[in-house]
Every structure is written in structure tokens, then in C-alpha cells.
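# Structure at a glance
Next come the chains, spelled out residue by residue.
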Amino acid sequence: MTIFVTADHHWGHAGILTMAGRPFTDIAEHDEALIAAWNSVVGPRDEVWHLGDFALGASAERCAQIFRRLRGRKILVRGNHDKTKTTGLGWHAVHDLATPKLAGERWVFSHYPMRAWVGAFRGSRHCFGHVHGLLSDTAQSCDVGVDRWSYRPASLEEIRERMAATPDVPEEIRLGRAMEGEAEE
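It should be emphasised that the depicted structure is a prediction, and the values quoted were computed from it without experimental measurement.

### Examining the sheet that holds strand 4 (residues 93-95)
With respect to topology, five strands assemble into an open sheet ordered 4-3-2-1-9, the strand pairing being mixed. Looking at which strands have only one partner, the edges of the open sheet turn out to be strand 4 and strand 9 (154-155). Relative to strand 9, strand 1 (residues 3-6) runs antiparallel, the two being bridged by two bridges. Paired with Phe4 across the two strands is Ser155, which belongs to strand 9.

### A closer look at the sheet that holds strand 6 (residues 105-109)
In spatial order, the strands read 5-6-7-8; together these four strands make up an open sheet with mixed pairing. The two strands at the open ends of the sheet, each matched to only one other strand, are strand 5 (101-102) and strand 8 (141-143). Inspection of the sheet shows strand 7 (residues 125-128) paired to strand 8 by three bridges, in the parallel sense. Counted as the bridge partner of Cys127 is Cys142 from strand 8.

The rules behind these values
- Residues numbered from 1 in each chain as written.
- Predicted model: local features only at pLDDT ≥ 70, side-chain atom pairs only at ≥ 80, totals over all residues.
- Heavy atoms only, no water.
- Pairing = 2+ DSSP bridges.
- Helix = DSSP H or I, 4+ residues; strand = E, 2+ residues; numbered from the N terminus.

Below you can see the structure in the form of C-alpha cells.
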């Protein structure tokens, strides 16, 4: 089983094409391409953590049709656009914030990026969506929105690799280390 994390699909939201500069002619093409991208990496036994903004503008029936076509065991961390037609889709679980231990590490999953999060000083990793690629990753935090990952979910291993290639430490840790250095002088 592989664990994936993703966010910000915005199925049914025609405005996302312009807002996020997505290269599709219309929302129908967009939705089909994102379903195909999801299913190209996710298998039936894989787990997918969706960090919010699953759909916007789609009817409850359309949301259910899309949801049924997506492979994997799906868990939602609610985003600002996730209302009843999204939260009621039959997710394995629904959270506002999640701090699972996966593959031997603590992860902090939120729709929104955090400047500080539980366990950061002990190495926990933070994944978020919402910003559609506008904020830089750090060595411990990563934007998992589809705009950053070729419109598909990212595996934990891919996220770890991206974090490892990012030299910037989280702001809280960088500032904390600076304060410790001042205290030692």
C-alpha cells in the first residue's frame, strides 16, 4: 500500500481554470484529466489523504460520480470549500486537522499552510493545500496541491524527496535557533 497526499482539485469549479492558470479548455476536460491523473498513480488498496477543496460548483450528484471513480481509501481534511456535498461522500474519515503517524513519522495535515505546527522541533512534517503553489516549501513543509504535482496526488516518498531538496528550514525553527545562539553569547 502506498500513501498519497493531495489537495485543491476544485472539481466542477470553472473559475479555477483562470484563477490557477490550469491548461484545460473547459471544466469537463479539467475534471476528466484530474480523475485520470489521480487513477494513474493511485491503486485500489492505496490510501489518499485529501487536504481540502475537493469540489466547488459541482452538484452533489456530480461530486458523488467523481468520488466513486477515484481509486483508493480516501480521507478528507476539510478545506474552506468543502461543504456537506463533499463531506458526506463516504470518506473513510473526515478531519479539520490531522496528525497521523505514517511510515514511522509524524505528519501534520491541514488545508491551510502553518508557520508553526505541533512537533516541528522534533521533526514532524507538514503538508497543506489552499495556496495553489504561491508559498515556498521548506525542509519540513510542502504544498501538496495538484497545481504543484502535475494534477495528481503525491506519495509520501515524493513529498519527502521534495522536502530533502529544499534547504530552507521552517521559520519557527530558524528563528528559534537564532534565539538560542543569542542566548549562548
